[in-house]
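Below, each chain spelled out in residue letters.
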Amino acid sequence: MKIETIIRLLQEVRERNPLVHNITNTVVTNFTANGLLALGASPVMAYAKEEVADMAKIAGALVLNIGTLNETEVEAMMIAGKSANKHGVPVVFDPVGAGATPYRTQTARKLLKELKISIIRGNAGEIANVIGESWEVKGVDAGEGVGDVVTLAKTAAKQLDCLVVITGKDDVVSNGEQTVLIENGHPILTKVTGTGCLLTSVIGAFASVSIDLMAASISALVYYGTAAEIAAEKTAHHGPGSFQVEFLNQLATVTVEDLMERGKINRAEKALNFWERDLS
Amino acid sequence: MKIETIIRLLQEVRERNPLVHNITNTVVTNFTANGLLALGASPVMAYAKEEVADMAKIAGALVLNIGTLNETEVEAMMIAGKSANKHGVPVVFDPVGAGATPYRTQTARKLLKELKISIIRGNAGEIANVIGESWEVKGVDAGEGVGDVVTLAKTAAKQLDCLVVITGKDDVVSNGEQTVLIENGHPILTKVTGTGCLLTSVIGAFASVSIDLMAASISALVYYGTAAEIAAEKTAHHGPGSFQVEFLNQLATVTVEDLMERGKINRAEKALNFWERDLS
Amino acid sequence: MKIETIIRLLQEVRERNPLVHNITNTVVTNFTANGLLALGASPVMAYAKEEVADMAKIAGALVLNIGTLNETEVEAMMIAGKSANKHGVPVVFDPVGAGATPYRTQTARKLLKELKISIIRGNAGEIANVIGESWEVKGVDAGEGVGDVVTLAKTAAKQLDCLVVITGKDDVVSNGEQTVLIENGHPILTKVTGTGCLLTSVIGAFASVSIDLMAASISALVYYGTAAEIAAEKTAHHGPGSFQVEFLNQLATVTVEDLMERGKINRAEKALNFWERDLS
């Protein structure tokens, strides 16, 4: 994928201000809304079963996040998801904490079974638990570790029949056939709550302007990771409070030049014998 | 209205620390509480039907916001509102997203019908939808646009029998007879989630120290817009993250001199043939 | 207690990254999670009755906070608390607003009655209301005021059979026999919402690495107050927005040297005839 594609999609999001309907957890609502606003998207949170079908159908993307799930909310997710499916609105799913409790794992699987999910984003442990693989998160480094996450992403994409985004030290995107590695980002992201959840919503925003879900996901990851890198360089020595503030600034102000200079999209492990897209 | 009235009311809020009971949406709770604390008010969020009547009756103002409404919360709003009405506590209402889904529009109308609302604050689209006018938000500029929003505010005030505050590029306050325009504020407010919701709660704080609801609303708008202008001048070039932090700073530290220097209260469109209050 | 104990416990939290399960109010979820991450703990919020028992049993501590309680959440607290009790996980309780409404007071008492609470943290008014004493908060100064809060803490500790932490101008920790005063902190903490709630969760993090609950609580208070002092010195003249950001920075970066230089643990009022622990 060419960096020009990423730049074009970012510009489309900033110009079109797509409505992103989030049913997300109570910890990250504010940060998610501010991050989407900084990107140029138009966030809305709506949870009532009386209105989620109406909201989802006018949205550019629907984002479901089970971070603080309960039965009422899951019911709303199901109604919203079916409405999105019916009206061709992409559904992006974040299985927060899948594997931590049986309830989360089962709910994640139920949503994946009953809805047509376009993209799932989680860390390796969450994705592995969703597809029933026992997984010990080993850390993703440029060496041997990468192969495992790449395999996991491919396996999950085939099994779930959707695009899979696994984030960690490096990020992996796979549709089951093609798999791409994005090396942008910064470790201090793990010291601010909701950076994974916001990323899922940002992927939703990009998915709302591109029917090519892989291009949308890669673009979101490069944009997000680049903003994080710049923010970290400016503030990480101060601490996570300053980083969070500057990260929101960068999500709003990151430039085309920043993306061209820093975007790091790599072909995944050659030894795994699959072919990448038009990586330039 | 004289700027001295605004200054006096701000000082009263800062000295009396009125309790403002908020039943608001999950996206803005933290920002609302921090904004009210910065102002000098004492925020409380209480949602359970078992306690909202008790909390509302001891509050200086009750603020109802349907940003992430559900049936349980609407029931609590009704109980709290009736308690506030009974005990003479002003009720300020923010019909977030009215018009976006039928559920929101109907709920907004139900609350307005069954409760005595003192002040309603929304954008032009929300207010228009609440009173059943088809409204295409045109943007409020100093020229032709203003007339329409002024007319809308007056119409809504008469129909709803309450004070109406419509915010946008400029802000309009109307009680149906008198209509005032406030030109403070800054566009970057639209890049931070909850700035409208917090303003509604700030109006509540001012309403708790003044039975003159128009004076309270104008004071809140001038104070709020002035703080935003100063914060934007200091930080807007950095981005919305820095602006939000500085805006909270300014809500706490904005001075009498700032208000005297920057307060912009203007008579509304003369051609509409109504008389303003003692605008100096 | 020696400052070395505090330092050791802080290092243990930072190294072990204990999982702290919070069932807390909607206003402070984000700030609580970010504060715990800054400390080095691993926060999780889980509220559904279907999963709280599973989550509580794998946690290092369970924190219950009734800031925006409702019946569903109280039911979840009860299930989580019983699971924590069964599995030896310490339960830390924050009775936010006890005394403000009968519902809060009754719920606080019910939780204290039916669960084994390890530590309760509140302000003087909340603790007094929980144990049924009429209490007019008088302010805690180094002179006469202190005696009353110390007595209150001791009385509450005996009556509730748990460790009591009362925070205010100074902070008091009592197990009924031993009572200690901590004089760290800064008044601007009261201008940021959730600083009390986050402290309760921080106490939970320390309690997860120390079976000596008094050592854990004192350590948490000194660490937290020291971070606040440094942050206030750097930013308080700007306002509460800047303070909050810097406070998160300091929670992440406060050093052993900072604690040794600033830690202020004092023996409580001598006239009350009790003996402190090994205060050095």
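In the annotation of an unreviewed UniProt entry, chain A is listed under the name Hydroxyethylthiazole kinase and assigned to Bacillus songklensis. The annotation that UniProt attaches to chain A under Catalytic activity (unreviewed entry) is "5-(2-hydroxyethyl)-4-methylthiazole + ATP = 4-methyl-5-(2-phosphooxyethyl)-thiazole + ADP + H(+)". On record in UniProt, under Function (unreviewed entry), the comment for chain A is "Catalyzes the phosphorylation of the hydroxyl group of 4-methyl-5-beta-hydroxyethylthiazole (THZ)."

Participant: Explain the confidence of the model for chain A residue by residue, including any values.
Facilitator: Residues and elements named next belong to chain A. In the predicted model, chain A carries a mean pLDDT of 91, and the fraction of residues at 70 or more is 90%. With pLDDT under 50 throughout, residues 269–280 is counted as low confidence; its partners more than four residues away or in other chains account for 31 contacts. Scored as a whole, the predicted complex attains pTM 0.94, and scored at its interfaces, ipTM 0.92.

Participant: Tell me about the interface of chain C and chain A, and please be specific about residues and values.
Facilitator: Contacts between the two partners involve 21 residues from chain C, matched on the other side by 25 residues from chain A. Buried area between chain C and chain A, summed over both chains or domains, comes out near 1800 Å², and the portion from carbon and sulfur atoms is 58%. For chain C, the biggest contributors to the area lost against chain A are Leu37(C), Glu51(C) and Asn249(C); these three give 26% of the whole. Here chain C is connected to chain A by one salt bridge. Glu51(C) is the salt-bridge partner of Arg104(A), the closest N and O atoms lying 2.7 Å from each other. If you look at where chain C meets chain A, you find 10 residue pairs in polar contact (both at pLDDT 80 or more). Elements with a contribution of two residues or more to the side of chain C that touches chain A: helix H2 (29–39), helix H3 (52–58) and helix H10 (240–253) of chain C.

Participant: Describe the relation of the copies chain C and chain A, and please don't skip the residues or the numbers.
Facilitator: The two copies are related by a screw operation: chain C maps onto chain A through 120° of rotation and 0.0 Å of translation along the axis, at an RMSD of 0.0 Å. Look at the turn and shift together and you get a three-fold axis relating the two. In terms of C-alpha distance to the rotation axis, chain C has Thr26(C) as its closest residue, with the C-alpha 3.8 Å off the axis. Take the interface residues of chain C: only 5% of them recur as interface residues in chain A, which is what a contact between different surfaces looks like.

Participant: Run through the packing of aromatic side chains, naming residues and quoting values.
Facilitator: If you walk through the whole model with that rule in mind, you get nine aromatic pairs over all chains. Judged by centre distance (5.7 Å) and plane angle (50°), the rings of Phe206(C) and Tyr223(C) are tilted. Note that Phe206(C) is positioned in helix H8 (residues 195–207) and Tyr223(C) in helix H9 (residues 213–235), a separation of 17 residues in sequence. For Phe206(C), a relative accessible area of 0% puts it in the buried group. Taken together through their ring pairs, the aromatic side chains of Tyr224(A), Phe243(A) and Phe247(A) make up a single cluster.

Participant: Tell me about the relation of the copies chain B and chain A, and name the residues and values.
Facilitator: Expressed as a screw transformation, the operator carrying chain B onto chain A has a rotation angle of 120° and an axial translation of 0.0 Å, and the superposed copies differ by an RMSD of 0.0 Å. Of all interface residues in chain B, a mere 4% are interface residues in chain A too; the two copies therefore contact each other through different surfaces.

Participant: Describe the side chain of Ser174(A), with residues and values.
Facilitator: All names here are of chain A. In this fold, serine 174 is placed in strand S7 (residues 171–174). Note on serine 174: relative accessible area 0%, which makes it buried. Side-chain polar atoms of serine 174 contact the backbone oxygen of glutamine 178, separated by 3.4 Å. For serine 174, the side chain forms a polar contact with the side chain of threonine 179, separated by 3.0 Å. With residues near it in sequence (within four places) discarded, serine 174 still touches Ala153, Lys154, Ala157, Cys162, Leu163, Val164, Thr179 and Met214.

Participant: So, the pairing of strand S6 (residues 163–166) of chain A: which residues are in play, and what are the values?
Facilitator: On a regular strand, one side chain projects to one face of the sheet and the next to the other, so that they alternate. All names here are of chain A. A two-sided burial pattern is seen for S6, the buried positions comprising Leu163 and Val165 on one face and Val164 and Ile166 on the other. Pairing between strand S5 (residues 119–122) and S6: four bridges, direction parallel. Bridging across to S6, isoleucine 119 finds its partner in leucine 163. Where S6 folds back onto S7 in an antiparallel hairpin, the turn is made up of four residues.

Participant: Got a sec to walk through the interface of chain B and chain A? Specific residues and values, please.
Facilitator: In this assembly, 25 residues from chain B lie in contact with 21 residues from chain A. For the chain B face of the interface with chain A, the top three residues by lost area are Val27(B), Lys191(B) and Thr193(B), together amounting to 25%. The interface formed by chain B and chain A holds one salt bridge in total. Here chain B is connected to chain A by 10 residue pairs in polar contact (both at pLDDT 80 or more). Among the secondary structure elements, those contributing two or more residues to the side of chain B that touches chain A are helix H5 (102–114) and helix H10 (240–253) of chain B. Looking at the side of chain B that touches chain A element by element, the count peaks at five residues for H10(B). Grouping the constituent residues of the side of chain B that touches chain A by class yields 10 nonpolar, 12 polar and three charged.

What counts as what
Residues numbered from 1 in each chain as written. Chains lettered and ligands numbered in written order. Predicted model: local features only at pLDDT ≥ 70, side-chain atom pairs only at ≥ 80, totals over all residues. Heavy atoms only, no water. UniProt positions renumbered as here; feature names shortened; annotations may be inferred. pLDDT = per-residue confidence, 0-100. Contact = heavy atoms within 4.5 Å. Buried area = accessible area lost by both parts, 1.4 Å probe. Salt bridge = Lys/Arg side-chain N within 4 Å of Asp/Glu carboxyl O. Polar contact = N/O pair within 3.5 Å; in protein donor to acceptor, adjacent residues only side chain to side chain. Helix = DSSP H or I, 4+ residues; strand = E, 2+ residues; numbered from the N terminus. Least-squares fit on C-alpha atoms with pLDDT ≥ 70 in both. Phe/Tyr/Trp six-rings, centres within 6.5 Å; stacked < 30°, edge-to-face > 60°. Buried < 20%, exposed > 50% of the residue type's maximum accessible area, 1.4 Å probe, protein only. Pairing = 2+ DSSP bridges. Nonpolar A, V, L, I, M, F, W, Y, C, P; charged D, E, K, R; others polar.

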